Amino acid sequence: MTLKMDFTDEEKKAVGSVLAVLVGADYKSHSSENEELLKCYRELGIDESTFEPLPKERLSLVYGIIKAMPIDKKRAFSLMMTRLSRADGHFGARERAFVTDILDTCEVPFVHKL
């Protein structure tokens, strides 16, 4: 399922960075997760060839941007995190902990399907 929504450049950087960190949350690299990440980037309007996500230790810099997003964008972001987490067929403990932290910190509702 592809969502079409216009994210600002700030929102793209924030959401794209969180998604990039989520892919590596379990310290494993799966082609299915990388493919899903690229789909999310396309939905966000991010050019993956030039995008430089923030590293995990700097993510707190973008929490306020995500927290301030309208609810429809938060839902779209939440669904992207769910799709990305499930892309390899295993929603592991580290991924769950990271997603839960983002949902709580940024006041994003949990969305697991449309």
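The structure this text deals with has already been given above.
Predicted model, so just to flag it, every value in this text is computed and none were measured. (Residues numbered from 1 in each chain as written. Predicted model: local features only at pLDDT ≥ 70, side-chain atom pairs only at ≥ 80, totals over all residues. Heavy atoms only, no water.)

Turning our eyes to something else, we now look at the packing of helix H2 (residues 31-44) against helix H4 (residues 71-86). With their axes 8 Å apart at the nearest point, H2 and H4 run at an angle of 160° to one another. The angle between the axes of H2 and H4 places the two elements in the roughly antiparallel class. Crossing angle aside, the handedness with which H2 passes H4 is right-handed. Packed against H2, whose contacting residues are Glu33, Glu36, Leu37, Lys39, Cys40, Glu43 and Leu44, the element H4 presents Met80, Arg83 and Leu84 at the interface. Its residues assigned to classes, the contact of H2 with H4 comprises five nonpolar, no polar and five charged. (Axes fitted to C-alpha atoms, helices over the stretch in contact; angles between N-to-C directions. Helix = DSSP H or I, 4+ residues; strand = E, 2+ residues; numbered from the N terminus. Parallel < 35°, antiparallel > 145°, perpendicular 65-115°, else oblique. Left-handed = near helix turned anticlockwise from the far one by under 90°. Contact = heavy atoms within 4.5 Å. Nonpolar A, V, L, I, M, F, W, Y, C, P; charged D, E, K, R; others polar.)

A few words on the pattern of salt bridges. This structure, assessed with the given rule, holds six salt bridges. When the shortest N-O distance is used, the salt bridge between Arg83 and Glu36 registers 2.6 Å. Here Arg83, found in helix H4, pairs with Glu36, found in helix H2; they are 47 residues apart in sequence, far enough to count as distant. Accessibility expressed as a relative area gives 16% for Arg83, which makes it buried. A relative accessible area of 11% places Glu36 in the buried class. The salt bridge partner of Arg83 is Glu43, with a shortest N-O separation of 2.9 Å. One end of the pair, Arg83, is in helix H4; the other, Glu43, is in helix H2, with 40 residues separating them in the sequence. Side by side, Arg83 and Glu43 carry an identical accessibility label, which is buried. (Salt bridge = Lys/Arg side-chain N within 4 Å of Asp/Glu carboxyl O. Buried < 20%, exposed > 50% of the residue type's maximum accessible area, 1.4 Å probe, protein only.)

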